[in-house]
Amino acid sequence: MKLLVINPNISADVTALIESEAIRSASHGTELLVRTAGHGVEYIETRFESLIAAGAVAEIIAEHTQPGADPVDAVVVAAFGDPGMPALKELAGVPVIGITEAALCAAALQGHRFSIIAISDRIKPWYRDCVEQFGLAGRLASIRSIKDALTGIASVQEDFRETLLALSRQAVAEDGADVVILAGAPLAGLARELNGQIPVPVVDGISAGIRMAEAVAALQSGQHRAGAFAPPPPKDRKGLSGNLDAALAARQEHAETPQPAA
(Lines give C-alpha, C1' and ligand atoms only; values in the text may rest on other atoms or scores of the structure.)
Protein backbone atom coordinates (compact mmCIF):
# COMPACT_ATOMS: atom_id res chain seq x y z
CA MET A 1 0.00 0.00 0.00
CA LYS A 2 1.18 3.53 -0.78
CA LEU A 3 -0.11 6.61 1.06
CA LEU A 4 0.34 10.22 0.02
CA VAL A 5 0.68 12.25 3.24
CA ILE A 6 0.38 16.02 2.79
CA ASN A 7 1.40 18.72 5.26
CA PRO A 8 -0.91 21.63 4.29
CA ASN A 9 1.41 24.23 5.82
CA ILE A 10 4.85 25.26 4.61
CA SER A 11 6.88 24.27 7.69
CA ALA A 12 9.48 21.61 6.87
CA ASP A 13 9.99 21.10 10.62
CA VAL A 14 6.33 20.16 11.04
CA THR A 15 6.58 17.86 8.03
CA ALA A 16 9.42 16.08 9.83
CA LEU A 17 7.17 15.58 12.89
CA ILE A 18 4.40 14.26 10.64
CA GLU A 19 6.71 11.87 8.85
CA SER A 20 8.21 10.50 12.08
CA GLU A 21 4.80 9.69 13.55
CA ALA A 22 3.51 8.37 10.22
CA ILE A 23 6.42 5.94 10.00
CA ARG A 24 5.79 4.75 13.56
CA SER A 25 2.07 4.31 12.86
CA ALA A 26 2.08 2.72 9.40
CA SER A 27 1.71 -1.01 8.95
CA HIS A 28 4.64 -3.09 7.78
CA GLY A 29 4.94 -2.74 4.03
CA THR A 30 3.07 0.56 3.75
CA GLU A 31 5.02 3.09 1.68
CA LEU A 32 4.72 6.76 2.63
CA LEU A 33 5.10 9.66 0.24
CA VAL A 34 5.26 12.76 2.45
CA ARG A 35 4.89 16.20 0.87
CA THR A 36 4.83 19.80 2.11
CA ALA A 37 2.54 22.53 0.75
CA GLY A 38 4.23 24.60 -1.93
CA HIS A 39 2.63 27.83 -0.74
CA GLY A 40 0.74 29.05 2.29
CA VAL A 41 1.56 29.83 5.91
CA GLU A 42 3.84 28.48 8.63
CA TYR A 43 0.97 26.93 10.52
CA ILE A 44 -2.78 27.05 9.96
CA GLU A 45 -4.77 28.79 12.66
CA THR A 46 -7.81 30.35 10.95
CA ARG A 47 -10.47 29.51 8.41
CA PHE A 48 -8.91 31.84 5.85
CA GLU A 49 -5.48 30.24 6.26
CA SER A 50 -7.22 26.89 5.80
CA LEU A 51 -8.70 28.19 2.55
CA ILE A 52 -5.23 29.05 1.27
CA ALA A 53 -3.91 25.66 2.34
CA ALA A 54 -6.73 23.83 0.58
CA GLY A 55 -5.49 25.06 -2.79
CA ALA A 56 -1.95 23.92 -2.04
CA VAL A 57 -3.21 20.48 -1.01
CA ALA A 58 -5.34 20.20 -4.15
CA GLU A 59 -2.27 20.87 -6.31
CA ILE A 60 -0.31 18.07 -4.63
CA ILE A 61 -3.22 15.63 -4.91
CA ALA A 62 -3.62 16.54 -8.57
CA GLU A 63 0.09 15.98 -9.21
CA HIS A 64 -0.08 12.45 -7.84
CA THR A 65 -3.48 11.37 -9.17
CA GLN A 66 -3.41 12.60 -12.76
CA PRO A 67 -2.94 10.10 -15.62
CA GLY A 68 0.60 8.74 -15.78
CA ALA A 69 1.43 9.54 -12.15
CA ASP A 70 2.75 6.83 -9.86
CA PRO A 71 -0.52 5.69 -8.23
CA VAL A 72 -1.27 6.00 -4.52
CA ASP A 73 -3.89 4.05 -2.59
CA ALA A 74 -5.08 6.87 -0.33
CA VAL A 75 -4.31 10.45 0.69
CA VAL A 76 -3.90 11.79 4.23
CA VAL A 77 -4.43 15.53 4.75
CA ALA A 78 -2.19 16.04 7.77
CA ALA A 79 -3.44 19.21 9.44
CA PHE A 80 -6.14 19.43 12.08
CA GLY A 81 -9.17 21.21 10.65
CA ASP A 82 -8.77 19.19 7.43
CA PRO A 83 -8.13 22.06 4.97
CA GLY A 84 -10.13 21.52 1.80
CA MET A 85 -12.18 18.67 3.18
CA PRO A 86 -14.59 17.27 2.21
CA ALA A 87 -14.30 18.95 -1.20
CA LEU A 88 -10.99 17.19 -1.90
CA LYS A 89 -12.87 13.88 -1.98
CA GLU A 90 -14.35 15.08 -5.29
CA LEU A 91 -10.88 15.46 -6.84
CA ALA A 92 -9.20 12.15 -6.08
CA GLY A 93 -10.23 8.72 -7.26
CA VAL A 94 -8.82 7.23 -4.05
CA PRO A 95 -9.85 7.75 -0.40
CA VAL A 96 -8.87 11.14 1.03
CA ILE A 97 -8.73 11.10 4.83
CA GLY A 98 -8.29 14.17 7.03
CA ILE A 99 -6.63 13.79 10.39
CA THR A 100 -9.55 15.58 12.06
CA GLU A 101 -12.16 13.16 10.76
CA ALA A 102 -9.84 10.26 11.58
CA ALA A 103 -9.21 11.51 15.13
CA LEU A 104 -12.91 12.17 15.74
CA CYS A 105 -13.83 8.70 14.50
CA ALA A 106 -11.14 7.13 16.69
CA ALA A 107 -12.31 9.11 19.71
CA ALA A 108 -15.97 8.25 19.10
CA LEU A 109 -15.10 4.55 19.03
CA GLN A 110 -13.32 4.75 22.39
CA GLY A 111 -15.60 6.90 24.48
CA HIS A 112 -18.81 8.88 24.55
CA ARG A 113 -17.42 12.39 25.10
CA PHE A 114 -14.09 13.74 23.90
CA SER A 115 -12.02 16.89 24.39
CA ILE A 116 -9.68 18.56 21.92
CA ILE A 117 -6.39 20.08 23.10
CA ALA A 118 -5.34 22.89 20.74
CA ILE A 119 -2.21 24.97 20.34
CA SER A 120 -3.91 28.39 20.42
CA ASP A 121 -7.11 30.19 21.43
CA ARG A 122 -7.52 31.61 17.93
CA ILE A 123 -7.90 28.16 16.45
CA LYS A 124 -10.79 27.06 18.69
CA PRO A 125 -13.81 28.48 16.75
CA TRP A 126 -12.64 26.79 13.54
CA TYR A 127 -12.14 23.46 15.33
CA ARG A 128 -15.62 23.75 16.83
CA ASP A 129 -16.99 24.23 13.31
CA CYS A 130 -15.20 21.05 12.23
CA VAL A 131 -16.74 19.00 15.01
CA GLU A 132 -20.20 20.34 14.14
CA GLN A 133 -19.63 19.55 10.47
CA PHE A 134 -18.98 15.91 11.34
CA GLY A 135 -22.17 15.76 13.40
CA LEU A 136 -20.40 15.18 16.71
CA ALA A 137 -21.05 18.48 18.51
CA GLY A 138 -23.16 16.69 21.11
CA ARG A 139 -20.19 14.52 22.08
CA LEU A 140 -17.66 17.35 22.40
CA ALA A 141 -16.82 17.86 26.06
CA SER A 142 -14.50 20.83 25.53
CA ILE A 143 -11.78 22.47 23.49
CA ARG A 144 -8.91 23.60 25.70
CA SER A 145 -5.91 25.50 24.38
CA ILE A 146 -2.53 27.03 25.09
CA LYS A 147 -2.98 30.68 26.12
CA ASP A 148 0.60 31.89 25.63
CA ALA A 149 2.19 32.98 22.37
CA LEU A 150 4.16 30.31 20.57
CA THR A 151 7.91 30.79 20.27
CA GLY A 152 8.19 28.40 17.34
CA ILE A 153 5.81 25.96 15.68
CA ALA A 154 8.32 23.09 15.70
CA SER A 155 9.03 23.47 19.42
CA VAL A 156 5.45 23.52 20.75
CA GLN A 157 5.78 20.08 22.33
CA GLU A 158 9.02 20.99 24.05
CA ASP A 159 7.93 24.47 25.11
CA PHE A 160 4.45 23.54 26.37
CA ARG A 161 4.65 19.88 27.34
CA GLU A 162 3.54 20.45 30.93
CA THR A 163 0.80 22.85 29.84
CA LEU A 164 -0.55 20.33 27.33
CA LEU A 165 -0.47 17.61 29.96
CA ALA A 166 -2.31 19.83 32.45
CA LEU A 167 -4.93 20.79 29.87
CA SER A 168 -5.52 17.13 29.06
CA ARG A 169 -5.97 16.22 32.70
CA GLN A 170 -8.32 19.16 33.24
CA ALA A 171 -10.42 18.02 30.27
CA VAL A 172 -10.91 14.67 32.00
CA ALA A 173 -11.40 15.91 35.56
CA GLU A 174 -13.42 19.06 34.89
CA ASP A 175 -15.09 18.55 31.50
CA GLY A 176 -15.92 14.86 31.66
CA ALA A 177 -13.87 13.77 28.64
CA ASP A 178 -13.66 10.02 28.03
CA VAL A 179 -11.03 10.56 25.30
CA VAL A 180 -8.52 13.34 24.65
CA ILE A 181 -7.47 14.39 21.14
CA LEU A 182 -4.11 16.16 20.83
CA ALA A 183 -4.94 18.35 17.87
CA GLY A 184 -2.61 19.36 15.10
CA ALA A 185 0.49 18.17 13.32
CA PRO A 186 2.82 20.15 15.64
CA LEU A 187 1.73 17.74 18.40
CA ALA A 188 2.42 14.61 16.34
CA GLY A 189 3.95 11.89 18.50
CA LEU A 190 3.19 13.56 21.83
CA ALA A 191 0.44 11.06 22.66
CA ARG A 192 3.06 8.30 22.71
CA GLU A 193 5.25 10.28 25.09
CA LEU A 194 2.35 11.02 27.45
CA ASN A 195 1.18 7.41 27.49
CA GLY A 196 0.01 6.51 31.00
CA GLN A 197 0.08 10.10 32.25
CA ILE A 198 -3.51 10.88 31.21
CA PRO A 199 -6.21 8.59 32.68
CA VAL A 200 -8.19 8.14 29.41
CA PRO A 201 -7.29 7.16 25.84
CA VAL A 202 -5.32 9.84 23.98
CA VAL A 203 -5.66 10.16 20.20
CA ASP A 204 -2.93 11.44 17.89
CA GLY A 205 -4.37 12.82 14.65
CA ILE A 206 -1.44 11.72 12.48
CA SER A 207 -1.49 8.18 13.82
CA ALA A 208 -5.27 8.00 13.43
CA GLY A 209 -5.07 9.39 9.90
CA ILE A 210 -2.50 6.83 8.77
CA ARG A 211 -4.31 3.84 10.25
CA MET A 212 -7.74 5.00 9.03
CA ALA A 213 -6.37 5.60 5.52
CA GLU A 214 -4.89 2.10 5.46
CA ALA A 215 -8.18 0.60 6.65
CA VAL A 216 -10.40 2.48 4.20
CA ALA A 217 -8.07 1.78 1.26
CA ALA A 218 -8.02 -1.91 2.16
CA LEU A 219 -11.82 -2.04 2.01
CA GLN A 220 -11.61 -1.39 -1.75
CA SER A 221 -15.08 0.14 -1.64
CA GLY A 222 -14.77 1.86 -5.03
CA GLN A 223 -14.76 5.46 -6.22
CA HIS A 224 -17.27 8.26 -5.93
CA ARG A 225 -18.77 8.38 -9.42
CA ALA A 226 -22.15 9.78 -8.36
CA GLY A 227 -23.73 11.38 -5.34
CA ALA A 228 -22.50 14.22 -3.15
CA PHE A 229 -18.79 13.53 -3.83
CA ALA A 230 -19.03 12.82 -7.54
CA PRO A 231 -16.40 14.52 -9.73
CA PRO A 232 -17.19 18.15 -10.63
CA PRO A 233 -19.13 18.29 -13.92
CA PRO A 234 -17.30 19.33 -17.11
CA LYS A 235 -17.30 23.05 -17.83
CA ASP A 236 -14.98 25.73 -19.18
CA ARG A 237 -11.86 26.22 -17.05
CA LYS A 238 -9.22 28.94 -17.10
CA GLY A 239 -5.96 29.58 -15.28
CA LEU A 240 -5.63 26.19 -13.59
CA SER A 241 -2.26 24.49 -13.35
CA GLY A 242 -1.58 21.69 -15.81
CA ASN A 243 -1.69 19.09 -13.03
CA LEU A 244 -5.01 20.29 -11.66
CA ASP A 245 -6.61 20.54 -15.09
CA ALA A 246 -5.45 17.02 -15.99
CA ALA A 247 -6.64 15.56 -12.69
CA LEU A 248 -10.07 17.15 -13.07
CA ALA A 249 -10.39 15.90 -16.63
CA ALA A 250 -9.43 12.38 -15.57
CA ARG A 251 -11.97 12.36 -12.74
CA GLN A 252 -14.72 13.62 -15.01
CA GLU A 253 -14.09 10.73 -17.37
CA HIS A 254 -14.96 8.37 -14.53
CA ALA A 255 -18.15 10.13 -13.53
CA GLU A 256 -21.38 8.23 -13.94
CA THR A 257 -23.45 9.46 -16.89
CA PRO A 258 -26.89 10.51 -15.70
CA GLN A 259 -29.62 8.23 -17.02
CA PRO A 260 -32.59 9.82 -18.76
CA ALA A 261 -35.88 9.69 -16.93
CA ALA A 262 -38.17 6.84 -17.96
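Residues numbered from 1 in each chain as written. Predicted model: local features only at pLDDT ≥ 70, side-chain atom pairs only at ≥ 80, totals over all residues. Heavy atoms only, no water.

Per an unreviewed UniProt entry, the protein is named Asp/Glu/hydantoin racemase, and its organism is Pseudarthrobacter phenanthrenivorans. We quote the UniProt Sequence similarities (unreviewed entry) comment for the protein here in full: "Belongs to the HyuE racemase family." (UniProt positions renumbered as here; feature names shortened; annotations may be inferred.)

**Quick look at the overall build of the protein**
Scanning the protein from N- to C-terminus turns up 8 helices and 8 strands. Against the compact-globule benchmark of 18 Å for 262 residues, the protein has a radius of gyration of 19 Å, which places it among compact chains. The dimensions of the protein, computed from C-alpha atoms along their principal axes, are 60 × 40 × 35 Å. Across the protein, contacts joining residues at least 24 apart in sequence account for 71% of those joining residues at least 6 apart. Looking at the protein as shown, the accessible area adds up to about 12100 Å², and 51% of this sits on carbon and sulfur atoms. Averaging the positions of the 21 positive and the 31 negative side-chain charges in the protein gives two centres separated by 5 Å. (Helix = DSSP H or I, 4+ residues; strand = E, 2+ residues; numbered from the N terminus. Rg over C-alpha atoms; globule rule 2.2 N^0.38 Å. Contact = heavy atoms within 4.5 Å. Areas by Shrake-Rupley, 256 points an atom, 1.4 Å probe, with all protein chains shown as cover. Lys, Arg positive; Asp, Glu negative; His and termini not counted. Charge placed at Lys NZ, Arg CZ, Asp CG, Glu CD.)

**Points about the environment of Ile-52**
Tracing the backbone through its elements, the reader meets Ile-52 in helix 2 (residues 47-65). Considering only alpha carbons, one finds Ile-52 and Val-41, 11 residues apart in sequence, at a separation of 8.3 Å. Dropping the residues within four chain positions of it, Ile-52 is found in contact with His-39 and Gly-40.

**Concerning the sheet that holds strand 4 (residues 96-98)**
The parallel open sheet is built from 4 strands, whose spatial order is 2-1-3-4. Edge strands, defined here as strands with exactly one partner in the open sheet, are strand 2 (31-36) and strand 4. Sheet twist, expressed as the mean angle between neighbouring strand axes with direction ignored, is 20°. Bridge count for strand 1 (residues 2-7) against strand 3 (residues 74-77) is 4 bridges, and the pairing is parallel. When the bridges of strand 3 are listed, Leu-3 appears paired with Ala-74. Each of strand 1, strand 2, strand 3 and strand 4 touches helix 2; the most contacted strand, strand 1, lies at about 155° to it. Strand contacts of helix 7 (residues 205-219): strand 1, strand 2, strand 3 and strand 4, with the helix running at about 155° to strand 3, the strand carrying the most contacts. (Pairing = 2+ DSSP bridges. Axes fitted to C-alpha atoms, helices over the stretch in contact; angles between N-to-C directions.)

**Structural notes on the side chain of Gln-252**
The residue Gln-252 is located in helix 8 (residues 242-253) in this model. What Gln-252 contacts, discounting residues up to four positions off in sequence, is Pro-231, Pro-232, Pro-233, Pro-234 and Arg-237.

**Digging into the side chain of His-64**
Tracing the backbone shows His-64 in helix 2. In this structure His-64 comes out as buried when scored by relative accessible area, which is 14%. Reaching out from His-64, the side chain makes a polar contact with the side chain of Arg-35 at a distance of 2.7 Å. Beyond its immediate chain neighbours, meaning those up to four positions away, His-64 contacts Leu-4, Leu-33, Arg-35, Ala-69 and Asp-70. (Buried < 20%, exposed > 50% of the residue type's maximum accessible area, 1.4 Å probe, protein only. Polar contact = N/O pair within 3.5 Å; in protein donor to acceptor, adjacent residues only side chain to side chain.)

**A word on helix 2**
If you check helix 2, its first and last C-alpha atoms are 26 Å apart, about what 19 residues at 1.5 Å a residue would give, namely 27 Å. The complete set of buried residues in helix 2 reads Ser-50, Ala-53, Ala-54, Ala-56, Val-57, Ala-58, Ile-60, Ile-61, Ala-62 and His-64. For helix 2, the secondary structure elements touched by its buried residues are strand 1, strand 2, strand 3, strand 4, helix 4 (124-133) and helix 8. (Expected span 1.5 Å × (residues − 1).)

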